Amino acid sequence: SLEFARDRIELKKISVVKNYARDICPIFIDKEKVEIALLNIIVNAVEAMNDYGTLSISTQAKNNRCIVKISDTGRGMSKEEINSLFEPFFTTKEKGTGLGLTNSQNIILAHHGSITVESEIDRGTTFNIGFNLA
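What counts and what doesn't
- Residues numbered from 1 in each chain as written.
- Predicted model: local features only at pLDDT ≥ 70, side-chain atom pairs only at ≥ 80, totals over all residues.
- Heavy atoms only, no water.
- Helix = DSSP H or I, 4+ residues; strand = E, 2+ residues; numbered from the N terminus.
- Rg over C-alpha atoms; globule rule 2.2 N^0.38 Å.
- Buried < 20%, exposed > 50% of the residue type's maximum accessible area, 1.4 Å probe, protein only.
- Lys, Arg positive; Asp, Glu negative; His and termini not counted.
- Salt bridge = Lys/Arg side-chain N within 4 Å of Asp/Glu carboxyl O.
- Pairing = 2+ DSSP bridges.
- Polar contact = N/O pair within 3.5 Å; in protein donor to acceptor, adjacent residues only side chain to side chain.
- Contact = heavy atoms within 4.5 Å.

## Considering the overall build of the protein chain
Tallying secondary structure elements over the protein chain gives 4 helices and 5 strands in all. Order of helices (α) and strands (β) in the protein chain, N terminus to C terminus: α-β-α-β-β-α-α-β-β. A compact globule built from 134 residues would reach a C-alpha radius of gyration of about 14 Å, and the protein chain, at 14 Å, matches this within 12%. Overall size of the protein chain, expressed as C-alpha extent along the three principal axes, is 40 × 30 × 25 Å. Classification of the 134 residues of the protein chain by burial places 40% in the buried group.

This is how it looks when you write it as structure tokens:
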């Protein structure tokens, strides 16, 4: 997913910090669908940042789950925005459809996964995605 967003990342001169667990356990997923879900989240993170921001992606195995964290140093979101984030057609973008994160959530939930969001205005946003270990 990160590679599919590479051009956007390079255009905005965003630093990418990867912290992938070496011993991450396998999960059963539809790779193409989960790539789309993660790409949506990554693209939103990139679009939320000004030039020279930082995108951090980490993985870890915890409590019988594979946890993926995607964090940005973007504008952050209010509690109201977070509460509406996964509603169809909700968007803060001028040309957004409001369907990207709804689709991402649907894909993750269809894989018996979970997705939560932490955000603070002017400090960035973190998406926490969890999948059951195989």
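## Considerations on the side chain of D72
With respect to the helices and strands, the residue D72 is situated in strand β3 (residues 65-72). Summary of buried charges: D72 has no salt-bridge partner, and the nearest side chain of opposite charge, R75, is 8.6 Å away.

## As for the pairing of strand β4 (residues 114-120)
A one-sided burial pattern is seen for β4, the buried positions being I115, V117 and S119 and the unburied ones S114, T116, E118 and E120. Bridge count between β4 and strand β5 (residues 124-132): 7 bridges; the pairing is antiparallel. Paired with S114 across the bridge in β5 is G130. The hairpin turn running from β4 into β5, its antiparallel successor, is 3 residues long, and D122 in that turn takes a positive phi close to 65°.

## Structural notes on the side chain of T125
With respect to the secondary-structure elements, T125 resides in strand β5. For T125, a relative accessible area of 6% translates into the label buried. A distance of 2.7 Å separates a polar atom in the side chain of T125 from a polar atom in the side chain of S119. When sequence neighbours within four positions are dropped, the list of residues in contact with T125 reads I70, S71, D72, G76, M77, V117, E118 and S119.

## Some details on helix α4 (residues 100-110)
Turning to α4, its buried residues number three or more, namely L101, T102, S104, I107 and I108. Elements that come into contact with the buried residues of α4 comprise α2 (31-48), β4 and β5. The first or second residue beyond α4 is H112, which carries a positive phi of 55°.

The values are spatial; any link to function lies outside them.
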